[in-house]
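Geometric and topological summary
Listed here are the chains, written in short residue letters.
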Amino acid sequence: MQKLIMSVDDSESMRLVIKKSLEKDFNLIEAENGKDALNKIKDLKNKGNISVSLFLVDVNMPVMDGFEFVRELKKDGKYSAVPIIMLTTESSGQKKLMGKELGVNGWVVKPFDPESLIKVIKALIE
Amino acid sequence: MKHETIFSFSDDTKKALPHETTNSDNIITLKSKIESLSDQVRQQKNFINNLIYQVEFFKVSLPIIHKLARSVTETTERTNMELTENIYKITNESERASKEIYNVLKDILTGDKSLKGDSEQLSAISENLTKLSKNYEKEMVETERETDRIQETIKNIYKFTENITDIAEQTSVLAINASIEAARAGIHGKGFRVIAKEIQLLASESKNIALSISKMIKDLKVNTQSYFYGHVERLKNYANTANNLDKELYDVSNLINTQTGIVGMSVQESKKFSDAVKEDIDKVAYSLQYQDITRQQIENIIKILNGIMNNFNKVLNTTDYNTKIDYTELEKKVKDLAEIKFTVKDEYKSIDKSSNESISITDRKEQIVKEKLKGDITLF
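Source: prediction; values computed, not measured. Note on numbering: residues in each chain are counted from 1, in written sequence order. The order in which chains are written sets their letters, starting at A; the order in which ligands are written sets their numbers, starting at 1. Given that this is a predicted model, residues contribute local features only at a pLDDT of at least 70 and side-chain atom pairs are listed and counted only at 80 or more, while totals for whole chains, interfaces and linings are drawn from all residues. The side-chain values count all of the structure's non-hydrogen atoms but skip hydrogen atoms and water molecules.

Some remarks on the overall build of chain B
- Strands are runs of DSSP state E lasting at least 2 residues, helices are runs of H or I lasting at least 4, and numbering of each runs from the N terminus. For chain B, the count of helices and strands is 8 helices and 0 strands.
- When the elements of chain B are put in sequence order from the N terminus, they spell out α-α-α-α-α-α-α-α.
- The burial tally for chain B puts 26% of its 380 residues in the buried class.
- Taking contacts inside chain B between residues at least 6 apart in sequence as the whole, the part at least 24 apart equals 77%.
- Using a 1.4 Å probe, the Shrake-Rupley method yields the accessible areas, and only the shown protein chains count as cover for residues. Of the roughly 27600 Å² of accessible surface on chain B, 57% is carried by carbon and sulfur atoms. A 1.4 Å probe rolled over the protein chains alone gives each residue an accessible area, and that area as a share of the maximum for its type sets the label: buried under 20%, exposed over 50%, partly exposed in between. Throughout, a contact is declared for two residues whenever any of their heavy atoms are within 4.5 Å.

What follows is the structure in structure tokens.
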């Protein structure tokens, strides 16, 4: 069975590009921002404790940004060790360091190459 | 007239004044200097007022810039979304079609019912036909030989029956002679006469039988000849048909082999096309993400502008200045200026105005879809 990836991005078209790039290899669930992602995680737990295998998270998002979402996710025992890839336009070393300190596993700058992203995801979850 | 000293000169000013000057001269010089300073102050004040006005202008313009930026990001997001969906639809269809072509061609080439399989089957059939043809020829020779043998046997039997007829005739002559001799013997030859008569009857029957056999053998000879010649003729026809079929199969097999070669090349081409489509999808996916980057850049520009505005506000809030600004008038000026520059309805929305002359991007798109017209077309 294909593993479940959660894509968290406020851009609908970006989520569509991510979905189309990954849907042959993985199952996808989408969220508009950090808060929406936390709600969806809660929903999945209620629906038979379905687990997300990896998170693809944008940094700049309204309501709850990527970093805040990662902080919240790390508090969740179930997901504290689940791989997180920040998928963002942010490319500064300072931001990357922030991500590393928060415990994210990868940082992919947009625009991403679909094939490379698939390789990175597979390397992290398989 | 005595002037009161209202200012005390600094030491530097004193030094700057001519040594040999009267109070009156000093006052004139001072007055001139004050007027000059006053002019400078007035100019500075005008400059500051103008600067404040421009800052306020910028402040009033900022919400419009915000709305314009939001309009740009929303429009590009919407169009990018449609573009993404359409491109993926096209590329998916294209990928599906090329895979289908590839699978069909591959099946033709290597599947259970493939051309190659057909060609191999045809070769096997052709081989069998060749064997069959050779068997027919062999059978034909054998039949001809067999016919000759039968003919020879019939000939021998015929000679044998001829001999029997001769013997029967000779026996009959002997029986007649015996009868004559028996008659001569008189009463003593009575029994011998009966035997001679019986022998004559026997010879006659033998001759009749021999003649019947001879006739039957003649008929048999004719029938056998007719049957075997017909059989050989049929075998010849079978052998010819088998040979012709074999040649045709050989041609078909060659044709299939040629076609298989062409299909093989098509499979390779199809595979290349399929791979190219996959590569193109990845390139498209890469390019489509630039909208998100552009949106991020616009948001960053707005953040920077907000930052600049906040700094201006801090300065303006801490400075007591007398510049009186008519914000209603200023807002009107900003909107008027914007209106001169605007061209599309979406832009007018940012200043809460609508234009009858312009059509919004969304409306224009809906209109094009409705009328099935492509491009910006005006009919008079």
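This is not the end of the story, as more comes after the structure.
Observations concerning the overall build of chain A
- Summing up its helical and strand segments, chain A has 5 helices and 5 strands in all.
- Order of helices (α) and strands (β) in chain A, N terminus to C terminus: β-α-β-α-β-α-β-α-β-α.
- A buried classification covers 52% of the 126 residues belonging to chain A.
- Counting contacts in chain A only where the partners sit at least 6 residues apart, residues at least 24 apart contribute 63% of the total.
- Summed over its atoms, the accessible surface of chain A is roughly 5800 Å², and 48% of this surface lies on carbon and sulfur atoms.

Some remarks on the pairing of strand β2 (residues 27–31) of chain A
All names here are of chain A.
- Pairing between strands is defined by DSSP: at least two bridges between the two strands are required. Pairing geometry for strand β1 (residues 4–8) and β2, over 5 bridges, is parallel. Bridging across to β2, L4 finds its partner in N27.
- Assignment of crossover handedness uses the view with strands pointing away from the viewer, where a clockwise path from the first strand over the helix to the second indicates a right-handed crossover. What joins β1 to β2 is helix α1 (residues 12–22), and the crossover it makes is right-handed.

Considering helix α2 (residues 34–46) of chain A
Residue and element names in this part refer to chain A.
- End to end, α2 covers 19 Å across 13 residues, agreeing with the expected 18 Å (1.5 Å per residue, within 8%).
- Burial in α2 covers these residues: G34, D36, A37, I41 and L44. Around the axis of α2, the buried residues are gathered within 155° of arc, so they sit on the same side. Structural note: α2 exposes K42 and N46 on the side pointing more than 90 degrees away from its buried face.
- Polar contacts, as counted here, are pairs of nitrogen or oxygen atoms within 3.5 Å of one another; within protein the pair requires one atom able to donate a hydrogen and one able to accept it, and residues that are adjacent in sequence qualify only if both atoms are side-chain atoms. Where α2 begins, the side chain of N33 points an oxygen toward the backbone nitrogen of K35, at a separation of 3.1 Å.
- Immediately downstream of α2, the backbone of G48 shows phi near 75°, a positive value. Expected span of a helix, by definition, is 1.5 Å for each gap between consecutive residues, and there is one gap fewer than residues. Comment: arc refers to directions from the helix axis out to C-beta atoms.

A word on the environment of S270 of chain B
Residue and element names in this part refer to chain B.
- Position of S270 relative to the elements: it lies in helix α4 (residues 190–288).
- Spatially, the C-alpha atom of S270 lies 9.2 Å from that of N103, the residues being 167 residues apart in sequence.
- Setting aside chain neighbours within four positions, we find S270 in contact with S98, I101, Y102 and L105.

Re the sheet that holds strand β4 (residues 84–88) of chain A
Residue and element names in this part refer to chain A.
- Here 5 strands make up an open sheet; going across it, the order is β2-β1-β3-β4-β5 and the pairing parallel. A single partner strand is all that each edge strand has here, and the edge strands are β2 and β5 (106–109). Across the sheet, the mean angle from the axis of one strand to that of its neighbour is 20°, orientation sign disregarded.
- One ladder, built from 3 bridges, connects strand β3 (residues 54–57) with β4; its direction is parallel. Bridge pairing links V57 to M86 in β4.
- Strands in contact with α2 are β1, β2 and β3; relative to β1, the strand with the most contacts, it is inclined by about 155°.
- Note on definitions: angles span 0 to 180 degrees between N-to-C directions of axes, and those axes are lines fitted to C-alpha atoms, for helices only across the stretch in contact. Strand contacts of helix α5 (residues 114–125): β1, β3, β4 and β5, with the helix running at about 140° to β3, the strand carrying the most contacts.

A closer look at the interface of chain A and chain B
- At the interface, 19 residues of chain A touch 20 residues of chain B.
- Simply put, the buried area is the total loss of 1.4 Å probe accessible area from both parts when two parts are fitted together. Contact with chain B buries area across many residues of chain A, yet S13, V17 and P111 of chain A alone supply 29% of it, more than any other trio.
- By convention in these notes, a salt bridge is any Lys or Arg side-chain nitrogen within 4 Å of a carboxyl oxygen on Asp or Glu. On inspection of chain A and its partner chain B, the count reaches 2 salt bridges.
- Note that D10 of chain A and R295 of chain B form a salt bridge whose closest N and O atoms lie 2.9 Å from each other.

Let's talk about the nonpolar core
- As used in this record, nonpolar core signifies buried Ala, Val, Leu, Ile, Met, Phe, Trp, Tyr and Cys residues forming a set joined through side-chain atoms within 4.5 Å. If you look at the biggest cluster of nonpolar residues, it comprises 24 residues, and the most contacted ones within it are M6, V8, F55, V57, F69, I84 and M86 of chain A.
- Looking at this core, the elements with two or more residues in it are β1, β2, α2, β3, α3 (66–75) and β4 of chain A.
- Not counting residues within four places of it along the chain, the set of residues in contact with F55 of chain A comprises M6, I41, F69, L73, Y79, V82, P83, I84 and I85 of chain A.
- Formed by 21 residues, the second largest nonpolar core is a distinct cluster that contains I85 and V108 of chain A together with V277 and I281 of chain B.

Looking at a nonpolar patch on the surface
- A grouping of F47, I48 and L51 of chain B is seen on the molecular surface, where their side chains present a nonpolar patch of about 290 Å² in accessible area.
- Along the chain, the position of F47 of chain B falls in helix α2 (residues 23–110). Each patch is assembled from residues with relative accessible area greater than 30% and no salt bridge, linking like charges that lie within 9 Å and nonpolar side chains (Val, Leu, Ile, Met, Phe, Trp, Tyr) that lie within 5 Å.

Section: helix α6 (residues 327–341) of chain B
All names here are of chain B.
- For α6, which comprises 15 residues, the first-to-last C-alpha distance of 21 Å matches the rise-based estimate of 21 Å (1.5 Å per residue) to within 8%.
- The set of residues buried in α6 consists of L330, V334, K335 and A338. Each buried residue of α6 lies within a common arc of 130° when the element is viewed along its axis, so the set occupies one face. In α6, the exposed residues that point more than 90 degrees away from the buried face are T328 and I340.
- The distance from a side-chain oxygen at the start of α6 to the backbone nitrogen of T328 is 3.2 Å, and the residue carrying that oxygen is D326.

What to know about the pairing of β1 of chain A
Residue and element names in this part refer to chain A.
- Burial analysis of β1 places 5 of its 5 residues in the buried class, the great majority of the element.
- Covered by surrounding structure in β1 are L4, M6 and V8 together with I5 and S7, the residues of both alternating faces.
- One ladder, built from 4 bridges, connects β1 with β3; its direction is parallel. Paired with I5 across the bridge in β3 is L54.

A word on the packing of α2 of chain B against α4 of chain B
All names here are of chain B.
- Contact geometry of α2 with α4 gives a least axis separation of 9 Å together with a crossing angle of 160°. With respect to α4, the axis of α2 lies roughly antiparallel. Relative to α4, the crossing made by α2 is left-handed. Here the word oblique covers every angle except those under 35 degrees (roughly parallel), over 145 (roughly antiparallel) and from 65 to 115 (roughly perpendicular). Handedness of a crossing is defined here by the sense of rotation of the near helix relative to the far one, left-handed for an anticlockwise turn of less than a right angle and right-handed for a clockwise turn.

Structural notes on unusual backbone geometry
All names here are of chain A.
- Residue K110 is joined to P111 through a cis peptide bond whose omega torsion reads 0°.
- Relative to the helices and strands, P111 is located in the loop between β5 and α5.
- Phi angles above zero are rare outside glycine, and V63 is one such case at about 65°.

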